[in-house]
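Overview (structure and organization)
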Amino acid sequence: MGTFIADLVLQIRSFVAENERETIRKRQEQGNAAAKKRGVRFGRPENKVPDNFKHIVKSWEDGKLKFDEVLRKCRMSKSTFYRRLREMRSGQEK
């Protein structure tokens, strides 16, 4: 009988916890929707491409600049540089 009661209490607590998690998720979604309506942007700020990006890339491709110098001039990480390079080549510059 003691085990039955313990299991019952555990089930009730589990049910209450699950309901609370669902409520928290709903409130969070509502907050996110309200923030987006106000124009709040989520996530990390976008790294801007320098105005002379095409010139820097051309210099790098011609062998005038080392890759480390290119990254330093653009103030980008390697992955961001390659992503921006792909965007530039495909014509979808930001």
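Residues numbered from 1 in each chain as written. Predicted model: local features only at pLDDT ≥ 70, side-chain atom pairs only at ≥ 80, totals over all residues. Heavy atoms only, no water.

**Thoughts on the overall build of the protein**
The helix and strand inventory of the protein stands at four helices and zero strands. Its C-alpha atoms give the protein a radius of gyration of 26 Å, clearly above 12 Å, the size a compact globule of 94 residues would have. Its C-alpha atoms give the protein principal-axis dimensions of about 80 × 35 × 20 Å. Residues counted as buried form 18% of the 94 residues belonging to the protein. (Helix = DSSP H or I, 4+ residues; strand = E, 2+ residues; numbered from the N terminus. Rg over C-alpha atoms; globule rule 2.2 N^0.38 Å. Buried < 20%, exposed > 50% of the residue type's maximum accessible area, 1.4 Å probe, protein only.)

**Some points on the pattern of salt bridges**
Tallied over the full model, the rule gives five salt bridges. Linking Arg-21 and Glu-18 is a salt bridge whose minimum nitrogen-to-oxygen distance equals 2.7 Å. Taken as a pair, Arg-21 and Glu-18 lie in helix α1 (residues 2-37) at a separation of three residues, close to a single helical turn. Residue class for Glu-18 comes out partly exposed when judged on its relative accessible area of 31%. A salt bridge links Glu-61 to Arg-89; the nearest nitrogen and oxygen atoms lie 2.3 Å apart. (Salt bridge = Lys/Arg side-chain N within 4 Å of Asp/Glu carboxyl O.)

**Quick word on the packing of aromatic side chains**
Applying the stated criterion across every chain yields a total of six aromatic pairs. Judged by centre distance (5.4 Å) and plane angle (75°), the ring pair of Phe-67 and Phe-81 falls under edge-to-face. Within this pair, whereas Phe-67 is found in helix α3 (residues 67-74), its partner Phe-81 is found in helix α4 (residues 78-90), the two being separated by 14 residues in sequence. Judged by relative accessible area, Phe-67 falls into the buried class, the value being 19%. (Phe/Tyr/Trp six-rings, centres within 6.5 Å; stacked < 30°, edge-to-face > 60°.)

**Focus on the confidence of the model for the protein**
Of the residues in the protein, 97% reach a pLDDT of 70 or more, and the chain-wide mean stands at 91. Looking over the protein, one finds the lowest element-wise mean pLDDT in α4, namely 92, and the highest in α1, namely 94. (pLDDT = per-residue confidence, 0-100.)

**A few points about unusual backbone geometry**
In this structure, Arg-75 is a non-glycine residue whose phi angle is positive, near 55°. Here Arg-75 lies in the loop between α3 and α4. Taking the relative accessible area as the measure of exposure, Arg-75 reaches 72% and is therefore exposed.

**Let's talk about the nonpolar core**
The nonpolar side chains of a soluble globular protein tend to be buried, and buried together. Judged by nonpolar contacts, Phe-53, Ile-56, Val-57, Leu-65, Phe-67, Val-70, Leu-71, Cys-74, Met-76, Phe-81, Leu-85 and Met-88 together constitute the single largest core of twelve residues. Per element, the largest residue contribution to this core is four residues, and it comes from α3. Apart from the residues within four sequence positions on either side, Cys-74 is in contact with Pro-50, Phe-53 and Ile-56. (Core = buried A, V, L, I, M, F, W, Y, C linked by side-chain atoms within 4.5 Å. Contact = heavy atoms within 4.5 Å.)

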